[in-house]
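# Notes for the structure review
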Amino acid sequence: MSFNHKTIEELHDLLVSKEISARELTQASIADIKAREEAVGSFITISEEEALAQADAIDAKGIDKDNIMSGIPLAVKDNISTKGILTTAASKILYNYKPVFDATAISKAYEKDMIVIGKTNMDEFAMGGSTETSYFKKTKNAWDHSKVPGGSSGGSATAVASGQVRLSLGSDTGGSIRQPAAFNGIVGLKPTYGRISRFGLIAFGSSLDQIGPLSLTVRENAQLLNVIAGPDSKDSTSAPVGIEDFTSKIGHDIKGMKIALPKEYLGQGIDPQIKENILAAAKQFEKLGAIVEEVSLPHSKYGVAVYYIIASSEASSNLQRFDGIRYGFRAEDAKSLEDIYVKTRSQGFGDEVKRRIMLGTFSLSSGYYDAYFKKAGRVRTLIIQDFDKVFADYDVIMGPTTPSPAFGLDTLNHDPVSMYLADLLTIPVNLAGLPGISIPSGFVDGLPVGLQLIGPKYSENRIYQVASAFEASTDYHKQEPIIFGGDK
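Because the structure is a prediction, the values reported are computed rather than measured.

Next up on the list: the nonpolar core. Side chains that are nonpolar tend, in soluble globular proteins, to be buried together. F125, F285, F387, M398 and L453 are the most contacted members of the largest nonpolar core, which totals 110 residues. For this core, the element with the highest residue contribution is helix α9 (residues 303-318), accounting for eight residues. Residues I33, F43, A75 and F484 belong to the second largest nonpolar core, which totals 25 residues.

Next comes the structure, spelled out in structure tokens:
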């Protein structure tokens, strides 16, 4: 029996009433994963033995009726550390790495008796926008298997969209949660930088990375954020802000709220049908009583260039630790220490990772630091100031999540610049450290479209309020791909 059409609250009621056990739910989820896995390729590792052992322990202890996540399965992106469970970051260089510690987000999930059911596929070291740079496999879009799922959290998105799990964790450095959420017609949140501990997240861009939840509905997204959010002494970038109930404003109306629509988000490079979809969403917000007005974010056009200098520079530093000495892959034909370093990294990293390491190293090198990295930091400040000016007068910003619907497999992965430009609408949010969410807003040629909502720092409650109002007034989130039992 499958339980994948039931919400977290419905599953909780079944577990509390003992109509099902945590083991039975876990077994059903594993069956759903295996039934769909060949079609979409969401997972690198299915942790069946570990998950069932967790479920048995939870059943023995008893489901906590006051803890909605007790006994609920969770899929986890494979760059988030899970003790004793393979954590590869989708790279050959970590093909056999089993961590000896859990990421803080995973520890928090375990504290709430959630069950880690497997590790999802991704772009190698989260560097990519299509989940095609993984060493292990290519993930496919849940709606159309000839299209990409987005990236880098493509496996986490398709696992939810295809009905393998209700909830998953991803990470977002430049759009890696929101873009695959948009491409697969689900909800994905990039929280405020510092809202969730980065301890145990394999670092890509340390000033940009954030772990975040993916789900089928806005409420379930907020429920998972409730589990993983909060300050952490193990992460110096963790924000010392109090934990709040992120579901508290869901269902509240949005009458009188001011929503900004940046003209740059509907300009050059945006698919005309995507633009039409977002303008229709703006009219829907107005029907709900909100005020939608056009604004300008003039420096957003520099976001992609700034991001790829900063992110690549941070990556070139962060990835120095993967050298074949202590763990992971080591080149067999190395004859000296220098050989180990050079050959292990040459053979262990994929082309995109090596490209970004070289770009970052160049940007940080003597004679180029001021011209590139330092200047990028200054323009980043201008982008932050643009957002600050808008948020002085508006509650949230709306726009498309992506400039186009999901593109075809093997179409952009040979053209790095075109792939990078696909992130032009999500990148500024990371540069500014803001929270942003993608929610379903319709379809173009049978493929899902994502609406992005952006708020000031620590305004996740407000974003969820606006997102849930839109969700409640539409039925896009109820549409399902064929693989999940739908007709699209």
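Text resumes after the structure shown.
Structurally, S238 can be placed in the loop between α7 (218-228) and β7 (258-262). With near-sequence residues (within four places) excluded, S238 lies in contact with G194, G230, P231 and D232.

Take unusual backbone geometry next. Glycine aside, residues mostly have negative phi angles, and peptide bonds mostly take the trans form. In this structure, the amide linkage connecting G151 to the following residue, S152, adopts the cis form with an omega of 5 degrees. By the secondary structure assignment, S152 is in the loop between β3 (115-120) and α5 (154-161). Positioned with a positive phi, K18 is a non-glycine residue whose angle comes to about 65 degrees. Locating K18 in the fold gives a position in the loop between α1 (8-16) and α2 (22-40). Of note in the backbone geometry, A126 takes a positive phi value of approximately 65 degrees without being a glycine. Tracing the backbone shows A126 in the loop between β3 and α5.

As a further point, take helix α8 (residues 272-287). Here α8 contains 16 residues, and its C-alpha end-to-end distance of 23 Å stays within 8% of the 22 Å for a straight helix at 1.5 Å per residue. Packing partners of the buried residues in α8 comprise β7, β8 (291-295), β9 (396-400), β10 (436-444), β11 (447-454) and α15 (460-472). Directly after α8, the chain includes G289, whose backbone phi takes a positive value near 100 degrees.

Let's shift gears to the sheet that holds β9. With respect to topology, 11 strands assemble into an open sheet ordered β1-β3-β2-β4-β6-β5-β10-β11-β9-β7-β8, the strand pairing being mixed. Each edge of the sheet is formed by a strand with only one pairing partner; in this case those strands are β1 (43-46) and β8. With strand direction ignored, the average angle separating the axes of adjacent strands in the sheet is 30 degrees. The pairing of strand β2 (residues 73-77) with β3 spans five bridges and is parallel. Counterpart to L74 in the pairing with β3 is V116. In the packing of α7 onto the sheet, the strands contacted are β2, β4 (167-172), β5 (187-190), β6 (210-215) and β10, and the crossing angle to β6 comes to about 145 degrees.

This part covers the UniProt feature "active site" (unreviewed entry) in the protein chain. The UniProt record marks K77, S152 and S176 with the feature "active site" (unreviewed entry), using the residue numbering of this structure. For the residues just named, distributed over 100 residues, the greatest C-alpha separation is only 10.9 Å, placing them together at one site. Residue placement: K77 occurs in strand β2. The class for K77 is buried, based on a relative accessible area of 0%. Setting aside residues no more than four positions away along its own chain, K77 makes contact with K119, T120, M122, A126, S152, S153, S156, L169, G170, S171 and S176.

Checked against the element boundaries, G175 lands in the loop between β4 and α6 (178-184). Take G175: its relative accessible area is 1%, and that puts it in the buried class. Separated by 249 residues in sequence, G175 and L424 place their C-alpha atoms 8.9 Å apart. In this structure G175 touches G151, P180, T426 and N430, once residues within four positions along its chain are discounted.

This part takes up a nonpolar patch on the surface. On the surface, I325, L337, Y341 and V342 cluster together into a nonpolar patch covering about 330 Å² of accessible area. Residue placement: I325 occurs in the loop between α9 and α10 (337-348). On the basis of relative accessibility, which here comes to 34%, the residue I325 falls in the partly exposed class.

This brings us to the pattern of salt bridges. Once their charged atoms are close, side chains differing in charge can pair, the charge on each being opposite to the other. This model, assessed by the stated rule, comprises 15 salt bridges. Two residues, E220 and R166, come together in a salt bridge whose shortest N-O distance is 2.9 Å. Taken together, the positions of E220 in helix α7 and R166 in the loop between α5 and β4 put the pair 54 residues apart, joining distant regions of the chain. Between R195 and E460 there is a salt bridge whose closest N-O contact spans 2.8 Å. Of this pair, R195 sits in the loop between β5 and β6 while E460 is found in helix α15, placing the two residues 265 residues apart along the sequence.

What counts, and at which threshold
Residues numbered from 1 in each chain as written. Predicted model: local features only at pLDDT ≥ 70, side-chain atom pairs only at ≥ 80, totals over all residues. Heavy atoms only, no water. Core = buried A, V, L, I, M, F, W, Y, C linked by side-chain atoms within 4.5 Å. Buried < 20%, exposed > 50% of the residue type's maximum accessible area, 1.4 Å probe, protein only. Helix = DSSP H or I, 4+ residues; strand = E, 2+ residues; numbered from the N terminus. Contact = heavy atoms within 4.5 Å. Expected span 1.5 Å × (residues − 1). Pairing = 2+ DSSP bridges. Axes fitted to C-alpha atoms, helices over the stretch in contact; angles between N-to-C directions. UniProt positions renumbered as here; feature names shortened; annotations may be inferred. Patch = residues over 30% accessible without salt bridge, like charges linked within 9 Å, V, L, I, M, F, W, Y side chains within 5 Å. Areas by Shrake-Rupley, 256 points an atom, 1.4 Å probe, with all protein chains shown as cover. Salt bridge = Lys/Arg side-chain N within 4 Å of Asp/Glu carboxyl O.

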